[in-house]
Amino acid sequence: MTTLDTAPVAAPAPRATARALRTLRSSRTAVVGLAIVAVHVVIALLAPLLTSYDPIANDASHALLGPSWSHWAGTDQYGRDVLARVLYGGRYALGVSVTATVLTVALGTVIGCAAALRGGWFDDVLGRVLDAVLSVPAILTLLVVVTALGTGPLVIVLAIAVVYVPQVVRVVRGAALAVVPADYVTAARARGEGTWAILRREVLPNITDVVCVEFAMRASWVVLLISSLSFLGFGADPPTPDWGLMVAENRTAITVVPMASLAPIIALATLVVGLNLAADGLSKAWGVDRIREGS
């Protein structure tokens, strides 16, 4: 006699991992994007080995110097080595951005899946709350949060989560709604499994592709947003080596030492391009339609 226990189940982790590796091999765009990001990560980790200069040490006698053998990218108005600040700035950008993106995508995924599974009044109320939050421009919300709570990495991470969690919830909820009616989810409910068990065992393994694409795409936006906050004076505090802060500090001297502003801009641009290429490549390889998923 056939029982509900014989219903299809989600793909095991090894099979999902093998599928992900096949996807990477088939998508040149994703490989190039991830390679660019990997280069940034390696440079950030090896920053102390790549330069002997202290990124925050002032030296007035060497201020506003052009590129030379001693200072490959020159120095800024405080005599700090520009290249050292760019290399160490990658640590700040990647550290805060990855933390904020992980928190944002994790919360958005859990809430979005829960909304799709529970439905009813919970889904309706959540939808109204998301509409209210999304009606406020992201940069305005960020400015309100950092003005109220102050600056610092922790505040920035929380502010990013407040801004982007609703968007992640919408995308993940759209993907989860396509999985909820499946037989294996119905069988799990019939066996009496709880919401979180179904979410972890049945739903999440089947929307991993959407979550991965969302993570890569969201990370590029987070990097830009964090740099924008620093440029406006609401992000990293001086003398923290941060790309957005570097542009803000040196824009008035761009005609004297252009590399002091151009170097962090180039670093930021290449990281964002890498993340976008990774997101686009994975999206096409996995057939993830972000418009259809609710983005």
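Because the structure is predicted, anything quoted here is derived from the model rather than measured.

Engineer: Quick question: what am I supposed to make of the pattern of salt bridges here?
Structural biologist: Opposite charge on two side chains allows them to pair when their charged atoms are near. Within the structure shown, the criterion is met by 8 salt bridges. Residue Glu 249 is joined to Arg 80 by a salt bridge in which the shortest nitrogen-to-oxygen separation is 3.0 Å. Placement of Glu 249 in helix 11 (residues 243–250) and of Arg 80 in the loop between helix 3 (47–50) and helix 4 (82–118) is noted, with a sequence separation of 169 residues between them. There is no split in this pair, since Glu 249 and Arg 80 are both buried. One salt bridge in this structure joins Asp 123 and Arg 173, with 2.8 Å as the shortest N-O distance. Residue Asp 123 is found in helix 5 (residues 120–134), and its partner Arg 173 is found in helix 7 (residues 153–177); the two are separated by 50 residues along the sequence.

Engineer: Sorry, what's going on with the confidence of the model for the protein here?
Structural biologist: Do not read the fine detail of predicted coordinates wherever pLDDT is low. Residue-level pLDDT values for the protein average 85, and 89% of them are 70 or greater. Note on residues 1–13: pLDDT under 50 across the span, and 16 contacts to partners over four residues away in sequence or across chains. Note that residues 291–295 has pLDDT below 50 and, in this model, 11 contacts with residues that lie over four places away or in other chains.

Engineer: When you look at the packing of helix 4 against helix 5 in this model, what are you seeing that I'm missing?
Structural biologist: Viewed as axis vectors pointing N to C, helix 4 and helix 5 meet at an angle of 135 degrees, and their least axial separation amounts to 7 Å. By the criterion of interaxial angle, the relationship of helix 4 to helix 5 is oblique. Here the hand of the crossing between helix 4 and helix 5 comes out left-handed. Along its contact with helix 4, which presents Ile 111, Ala 114, Ala 115 and Arg 118, the element helix 5 presents Gly 120, Phe 122, Asp 123 and Leu 126. Of the residues contributing to the contact of helix 4 with helix 5, the split by class is 5 nonpolar, 1 polar and 2 charged.

Engineer: Can you help me understand the environment of Val 145 in this one?
Structural biologist: Mapping Val 145 onto the fold places it in helix 6 (residues 138–149). Look at Val 145 and you get buried, because its relative accessible area is 16%. Apart from the residues within four sequence positions on either side, Val 145 is in contact with Gly 150, Val 155 and Ala 159.

Conventions adopted
Residues numbered from 1 in each chain as written. Predicted model: local features only at pLDDT ≥ 70, side-chain atom pairs only at ≥ 80, totals over all residues. Heavy atoms only, no water. Salt bridge = Lys/Arg side-chain N within 4 Å of Asp/Glu carboxyl O. Helix = DSSP H or I, 4+ residues; strand = E, 2+ residues; numbered from the N terminus. Buried < 20%, exposed > 50% of the residue type's maximum accessible area, 1.4 Å probe, protein only. pLDDT = per-residue confidence, 0-100. Contact = heavy atoms within 4.5 Å. Axes fitted to C-alpha atoms, helices over the stretch in contact; angles between N-to-C directions. Parallel < 35°, antiparallel > 145°, perpendicular 65-115°, else oblique. Left-handed = near helix turned anticlockwise from the far one by under 90°. Nonpolar A, V, L, I, M, F, W, Y, C, P; charged D, E, K, R; others polar.

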